[in-house]
Amino acid sequence: MGTREVPEGRVFSDLLAEDRLFDPPASFREQANISDGGARAAAASDPEAFWAGLAGELEWDRPWDRVLEWETPYAKWFVGGKLNASVNCVDRHARTRRRNQAAIIWEGELGDRRTLTYWDLYREVNKFASALKSLGVEKGDRVAIYLPMIPELAIGMLACARIGAIHSVVFGGFSAEALRDRINDAQAKVLITADGGYRRGQIVPLKHDADYALRETPCIEHVVIVRRGDFPIRIHEGRDHWWHRLVDDVEAKCEPESMDAEDILYTLYTSGTTGKPKGIIHTTGGYLTGVCATTKWIFDLKDTDVYWCTADIGWVTGHSYIVYGPLAAGATVVMYEGAPDWPERDRFWQIVEDYGVTVFYTAPTAIRAFMKWGAEYPARHDLSSLRLLGTVGEPINPEAWMWYYEHIGKQRCPIVDTWWQTETGMILISTLPGVDRMKPSYAGHPFPGIEADILDDQGKPIEGQGGGGYLAITKPWPAMLRGIWGDPERYQQQYWTKWDHDAYFTSDGAKQDSDGYFCLLGRVDDVLNVSGHRISTMEVESALVDHASVAEAAVVGVKHEVRGEVPGAFVTLRQGHSPGPALETDLKQHVVNKIGAIARPHQVIFAGELPKTRSGKIMRRLLRDIAAGRVLGDTTTLADSSVVEQLKKQYEEGGQEE
Ligand code: ATP
Ligand code: MG
């Protein structure tokens, strides 16, 4: 294939070609919610009318006066409109024939089960909303939620939404320090937690950890504790309350607060892959419109579906596509508490088979773990209920895409590769599964009504083929963030100052093919500069993952006297392969064959694990620190600190360098 020069103005070189294309099966197309691309043109010619049409599918207490007010960098959507998110996700379904349909089917790691119909959910949300009120929580107050993946997590969020309190969910796997900082940043008045949870057979002592945090969170007045497992905990009299006792003593009904479309629904911190997490603000009307519409159009959800998103609700994926989107759409949602490899590596496939999951949404990091473990695990189960698959969180390497398509979807299920961020609130780029052809590693077109572009350093669109640039969103969208909690300057600085015209800077690189499909190239902070070629991490990593032995790869730039930087690779191997000098040579040659000599890794480190955030994303910035022999940067969002210690040691002892 050889090396291609980077054409003038390109920010990224275009190295890896992909020409596999897949059509959605005719049987899928025929039943799809959206089966022709006409909506795109209509939305493009009048986006405000398009969004207003979708907002109209929600239940409003008062209609809006204006669809959009935009004054960079602040948008107001559905100005003057009033609605309540919990009414939209629960009450309006409980009034219809969906009343006795399962809203949430929950499975604990131990195998315990609970099913909440929309009517059950209605009752639980009402009771807990009354309980929050009894603790003095009012509209605009912040409530921190630190729970395992149990139904009370969704109930707690919806109860906050019902009374107009702002929830701030902190992922249950975070440490006491991380919880403390997030509580203090939000100045939360109440914390909702549990006596504990289960993860990989171990008890996660949430209340115990929360007690540590609570020593330094003077803003917290009350703590509500869900009894998950009868784990021993300390009760702080006057401050701590059992959830089940609280709800016994309150009104069974709680009138919903009629919220302004622009009232804050929640704040949530980003994953911290690139640096210190930001408390992202989302409001009510636009957000709900965006997540409900994308749920129906991209996941093709219907009443008959059993939908499972494997993310934790502690991340935005869980907020938008476990709670608000699917429930607003009236779907049946599966929720699972535990790990994918507990008690065995087929747990997910067991769940798919048991509940007859039809739509399955997970992350590339999970797919690469499944590949590493081997195809025999999904093969043990009947996965024939599945009809649509999705991914989110990182670029998906073509090899992982193909594995997912073949071993999970059995070549029957379209895959939606959905690009979005905590900040965007909703999916912005994805194929529409009943309309578009699929191309591995290409997310597809922007969602109808969304305008995205690929810009160079000057903010000029990069036309045509042969390279990539910065992904920018050039028009406001309904679910967009409304700021960073307590830090308007950082909001402005981070997203709106890259260019001197109006465009949201995503911090991601992308390229486009001749059909206008977007391929995400990784984070712009991670780009390598080798002899003047700007190389995307995604492309070199994908070339490595393409090798039969490699499960995961992370590539970072390592300083080099002559070439500026050279690629340094960290890889984990699939089951049954062992590291060694011969394999290292082989991997380097494989990259040369796939991409060209320019991308040849200078060094390959065989790792047991790669450093990841708690949401499973590879943290290349820590690998860069290791490769440069620097002190490690912020590690608070790192899932397992022993991983970097081990890699540091390995790196210092030296792989074979050339
Ligand atoms: P931080 O901003 O704090 O560093 P983060 O960016 O990891 O954390 P999230 O908002 O959870 O926090 O992740 C959004 C990012 O995930 C995107 O900007 C992109 O880099 C990556 N991403 C998400 N979905 C996709 C996808 N389908 N393809 C490629 N990349 C994706
Ligand atoms: Mg980010």
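Residues numbered from 1 in each chain as written. Chains lettered and ligands numbered in written order. Predicted model: local features only at pLDDT ≥ 70, side-chain atom pairs only at ≥ 80, totals over all residues. Heavy atoms only, no water.

Q: Sorry if this is basic, but what is going on with the overall build of the protein chain here?
A: Helices and strands together make up the secondary structure of the protein chain, namely 20 helices and 30 strands. Relative to the globule expectation of 26 Å for 658 residues, the C-alpha radius of gyration of the protein chain, 24 Å, shows essentially globular dimensions. Along the first, second and third principal axes, the C-alpha atoms of the protein chain reach 70 × 55 × 50 Å. Excluding contacts between residues fewer than 6 apart, the proportion of contacts in the protein chain whose partners are at least 24 apart in sequence is 72%. Summed over its atoms, the accessible surface of the protein chain is roughly 23,700 Å², and 47% of this surface lies on carbon and sulfur atoms. The centroid of the 72 positive side-chain charges in the protein chain is displaced by 2 Å from the centroid of its 93 negative side-chain charges. (Helix = DSSP H or I, 4+ residues; strand = E, 2+ residues; numbered from the N terminus. Rg over C-alpha atoms; globule rule 2.2 N^0.38 Å. Contact = heavy atoms within 4.5 Å. Areas by Shrake-Rupley, 256 points an atom, 1.4 Å probe, with all protein chains shown as cover. Lys, Arg positive; Asp, Glu negative; His and termini not counted. Charge placed at Lys NZ, Arg CZ, Asp CG, Glu CD.)

Q: Is there a simple way to think about the site of ligand 1 in this case?
A: Around ligand 1, a shell composed of 21 residues is seen, among which T270, T273, T274, T422 and K617 lie nearest. G272 has a polar backbone atom sitting 2.8 Å from an oxygen atom of ligand 1. A distance of 3.1 Å separates an oxygen atom of ligand 1 from a polar atom in the side chain of K278. Coverage of ligand 1 by the protein amounts to 94% of the 630 Å² it exposes when considered alone. (Near = heavy atom within 4 Å. Polar contact = N/O pair within 3.5 Å; in protein donor to acceptor, adjacent residues only side chain to side chain.)

Q: Sorry, what's going on with helix α18 (residues 581-594) here?
A: Three or four residues apart is the spacing at which side chains of an α-helix point the same way, because the helix has 3.6 residues per turn. Taking 1.5 Å of rise per residue, the 14 residues of α18 would be expected to cover 20 Å, and the 20 Å separating its terminal C-alpha atoms lies within 8% of that figure. For α18, the set of buried residues is L583, E584, L587, K588, H590 and V591. All buried residues of α18 project into a common sector of 155° when viewed along the axis, lining one side. The exposed residues of α18 that point more than 90 degrees off its buried face are P581, A582 and T585. The elements touched by buried residues of α18 are α17 (537-545), β28 (550-560), β29 (564-573) and β30 (603-606). Of the residues one or two after α18, G596 is the one with positive phi, at around 140°. (Expected span 1.5 Å × (residues − 1). Buried < 20%, exposed > 50% of the residue type's maximum accessible area, 1.4 Å probe, protein only. Arc of directions from axis to C-beta.)

Q: Got a minute to help me understand the layout of surface pockets in this structure?
A: Gaps left between atoms show up when a probe the size of a water molecule is rolled over them. Of the volumes computed, that of the second largest pocket is approximately 280 Å³. If you trace the second largest pocket, you find 15 residues lining it, with D181, D185, Y269, K276 and P277 closest to the centre. Examining the composition of the lining of the second largest pocket, we find that four residues originate from one element, helix α7 (residues 176-186), more than from any other. Tallied by class, residues from the lining of the second largest pocket come to five nonpolar, two polar and eight charged. (1 Å grid on protein atoms, 1.4 Å probe; cavity = no way out; pocket = protein on both sides within 12 Å on 5 of 7 lines; lining within 4 Å. Points joined across faces, edges and corners; volume = space filled by probe spheres on them. Nonpolar A, V, L, I, M, F, W, Y, C, P; charged D, E, K, R; others polar.)

Q: Please clarify how the packing of aromatic side chains should be interpreted in this entry.
A: Remark: the centre distance and the inter-plane angle together describe each pair of aromatic rings, the angle taken between the planes. All told, the structure shown has 46 aromatic pairs when counted by the stated rule. Ring geometry for Y491 against Y495: centres 5.9 Å apart, planes inclined by 55°, an arrangement best described as tilted. A residue pair is termed a helical-turn pair when its members lie 3 or 4 positions apart in one helix, as Y491 and Y495 do in helix α16 (residues 488-496) at four residues. Residue classification places Y491 among the buried positions, given a relative accessible area of 0%. Seen in terms of ring centroids, F570 and Y651 are 6.1 Å apart; in terms of plane orientation they differ by 20°. Their pairing is stacked. Of this pair, F570 sits in strand β29 while Y651 sits in helix α20 (residues 641-653); the two residues are 81 residues apart in sequence, bridging distant segments of the chain. The residues F570 and Y651 share a single accessibility class, namely buried. Taken together through their ring pairs, the aromatic side chains of W70, Y74, W477, Y491, Y495, W496 and Y504 make up a single cluster. (Phe/Tyr/Trp six-rings, centres within 6.5 Å; stacked < 30°, edge-to-face > 60°.)

Q: Would you mind showing me how to read unusual backbone geometry here?
A: The phi angle of most residues is negative, glycine excepted, and most peptide bonds adopt the trans form. A cis amide bond links T72 to the next residue, P73, at an omega of 0°. Within the secondary structure, P73 is located in the loop between β1 (66-71) and β2 (74-79). A cis amide bond links W342 to the next residue, P343, at an omega of -5°. The residue P343 is located in the loop between β17 (332-336) and α12 (347-355) in this model. The phi dihedral of R200 is positive, around 50°, even though this residue is not glycine. With respect to the helices, strands and loops of the structure, R200 is situated in the loop between β9 (197-199) and β10 (202-204). Taking the relative accessible area as the measure of exposure, R200 reaches 38% and is therefore partly exposed. For S531, which is not a glycine, the phi torsion comes out positive at approximately 45°. With respect to the helices and strands, the residue S531 is situated in the loop between β26 (528-530) and β27 (533-535). Relative accessible area serves as the criterion here: at 40%, S531 is assigned to the partly exposed category.

Q: Can you walk me through the domain arrangement of the protein chain in this structure?
A: Interfaces are often described in size by the accessible area the parts lose on coming together. The assigned domain composition of the protein chain is domain 1 (113-257) and domain 2 (525-654). Placing a centre on the C-alpha atoms of domain 1 and another on those of domain 2 gives a separation of 40 Å. (Domains from an automatic or database assignment.)

Q: In this structure, what is going on with the environment of V323? I would like to understand it.
A: Mapping V323 onto the fold places it in helix α11 (residues 316-328). A residue is classified by how much of its surface remains accessible, and V323, at 1% relative accessible area, is buried. If sequence neighbours within four positions are ignored, V323 has contacts with A154, M157, L158, I313, G318 and A328.

Q: When you look at the pairing of strand β11 (residues 222-226) in this model, what are you seeing that I'm missing?
A: Regular strands place side chains that alternate from one sheet face to the opposite one. Judged by how many residues are buried, β11 sits mostly within the fold: five of five residues are covered. As paired strands, strand β8 (residues 190-194) and β11 are joined by five bridges and run parallel to one another. Following the sheet pairing, T193 is matched in β11 by I225. Two strands pair when backbone bridges link them, and β11 and strand β12 (residues 240-242) are joined in this way by three bridges, in the parallel orientation. (Pairing = 2+ DSSP bridges.)

Q: Any chance you could explain the sheet that holds strand β23 (residues 468-473) here in plain terms?
A: Reading across from one edge, β21-β25-β24-β23-β22 is the order of the five strands in this open sheet, with antiparallel pairing throughout. Each edge of the open sheet is held by one strand with a lone partner, namely β21 (442-444) and β22 (452-455). Strand after strand, the sheet turns through a mean of 50° between neighbouring axes, direction not considered. Pairing of strand β24 (residues 504-512) with strand β25 (residues 518-523), which is carried by five bridges, proceeds in the antiparallel orientation. (Axes fitted to C-alpha atoms, helices over the stretch in contact; angles between N-to-C directions.)

Q: When you look at the packing of α7 against helix α8 (residues 206-214) in this model, what are you seeing that I'm missing?
A: Each packed pair of helices is defined by two parameters, the angle between the axes and the distance between the axes. The geometry of α7 relative to α8 is characterised by a closest axis approach of 8 Å and an angle of 50° between their N-to-C directions. Classified by the interaxial angle, the pair formed by α7 and α8 is oblique. For the pair α7 and α8, the sense of crossing is right-handed. For the pair α7 and α8, the contacting residues are A176, L179 and R180 in the first and D209, A210, Y212 and A213 in the second. Residues of the contact of α7 with α8, tallied by class, amount to five nonpolar, no polar and two charged. (Parallel < 35°, antiparallel > 145°, perpendicular 65-115°, else oblique. Left-handed = near helix turned anticlockwise from the far one by under 90°.)

Q: Explain the nonpolar core here, please?
A: Counting 159 residues, the largest nonpolar core has F128, L191, I192, Y324 and M426 as the members making the most contacts within it. Setting aside residues up to four positions removed in sequence, Y324 forms contacts with A85, C89, M157, L158, A161, H167, L265, Y266, Y287, L288, V291 and H319. By size, the runner-up hydrophobic cluster in this structure holds 34 residues, among which are W349, I367, Y404 and I415. (Core = buried A, V, L, I, M, F, W, Y, C linked by side-chain atoms within 4.5 Å.)

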